[in-house]
Amino acid sequence: RSEQRRLYAAVENFLPLELADLVPASVADLAQVRHFGRNTLPAFTLFEKRFCRPRGGDPRKPDALYGYNFQTLSPLTGPGYFVARAVPGRPEVDIDYRELPPEHPDAWPAIRSNERGLGRLVYGFMVDTLRRVSEHVTIGSAARNGKPLGSWFVLCREDPIGA
């Protein structure tokens with residue numbers, strides 16, 4: 001926890017993070033890009049965030065990305081769908097679980113609300129803020145209703161074919 005907290009603080013305003021860093025422009029619309037994660041929670045520390053770019057936007061400068069969390073408790077908590085957007089005036093990306101994407105790749109699970117059932121406890125009213133560490137690595141911090149949760153996570157992006 002303390003190492004991820006320090007890294008998150010150290011990279012503030014270090015390198016800009018853009019949506020195209022999460023889903024490279026060479027990847028097709030609605031094609032999945034996996035980011036392998038490790039969080040600071042006491043259990044279930046390994047997970048993935050899977051992102052895709054919506055149809056029809058500029059692949060070099062998308063307005064948003066769609067995604068969900070893949071982890072062992074997904075059958076109970078739901079997939080944790082989100083919409084990711086650049087943070088205006090900051091070199092960061094917010095992953096907003098309060099907003100659900102209108103579409104997803106066919107292979108992804110069905111979209112369901114993050115504010116019902118056990119998903120509410122995990123994803124309800126939550127926004128993660130991502131900062132860039134390197135070309136493939138980002139670090140994030142979670143907040144619920146605008147209040148930091150004191151938890152962090154590191155993501156390492158797969159290098160998609162053609163990227």
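Conventions we followed
Residues numbered from 1 in each chain as written. Predicted model: local features only at pLDDT ≥ 70, side-chain atom pairs only at ≥ 80, totals over all residues. Heavy atoms only, no water. Helix = DSSP H or I, 4+ residues; strand = E, 2+ residues; numbered from the N terminus. Buried < 20%, exposed > 50% of the residue type's maximum accessible area, 1.4 Å probe, protein only. Contact = heavy atoms within 4.5 Å. Areas by Shrake-Rupley, 256 points an atom, 1.4 Å probe, with all protein chains shown as cover. Phe/Tyr/Trp six-rings, centres within 6.5 Å; stacked < 30°, edge-to-face > 60°.

1. Section: the overall build of the protein chain
Item 1. Across its full length, the protein chain carries four helices and eight strands.
Item 2. Mapped in sequence order, the helices and strands of the protein chain form the string α-α-β-β-β-α-β-β-α-β-β-β.
Item 3. Judged by the C-alpha coordinates and their principal axes, the protein chain covers about 35 × 35 × 25 Å.
Item 4. Going through the 163 residues of the protein chain one by one, you find that 46% of them count as buried.
Item 5. The contacts in the protein chain between residues at least 6 apart in sequence include a share of 53% that link residues at least 24 apart.
Item 6. Roughly 8400 Å² of accessible area belongs to the protein chain as shown, and the carbon and sulfur atoms make up 56% of that amount.

2. A word on unusual backbone geometry
Item 1. The phi torsion at Leu30 lies on the positive side, around 60°, for a residue other than glycine.
Item 2. Judged by relative accessible area, which is 16%, Leu30 ranks as buried.
Item 3. Positive phi values are uncommon outside glycine, yet Phe125 reaches one of about 60°.
Item 4. For Phe125, the position within the fold is in the loop between helix H4 (117-123) and strand S6 (126-132).
Item 5. Judged by its relative accessible area of 26%, Phe125 is partly exposed.

3. Some details on the packing of aromatic side chains
Item 1. On inspection of all chains with the given rule, the structure shows seven aromatic pairs.
Item 2. Here Phe82 and Tyr97 contribute two aromatic rings whose centre-to-centre distance is 5.5 Å and whose plane-to-plane angle is 70°, an arrangement assigned as edge-to-face. One end of the pair, Phe82, is in strand S4 (residues 82-86); the other, Tyr97, is in the loop between strand S5 (93-96) and H4, and 15 residues separate them in sequence. Across this residue pair, the class does not change: Phe82 and Tyr97 are buried.
Item 3. Feature note: the residues Phe51, Phe82, Tyr97 and Tyr123 constitute an aromatic cluster, connected by ring pairs.

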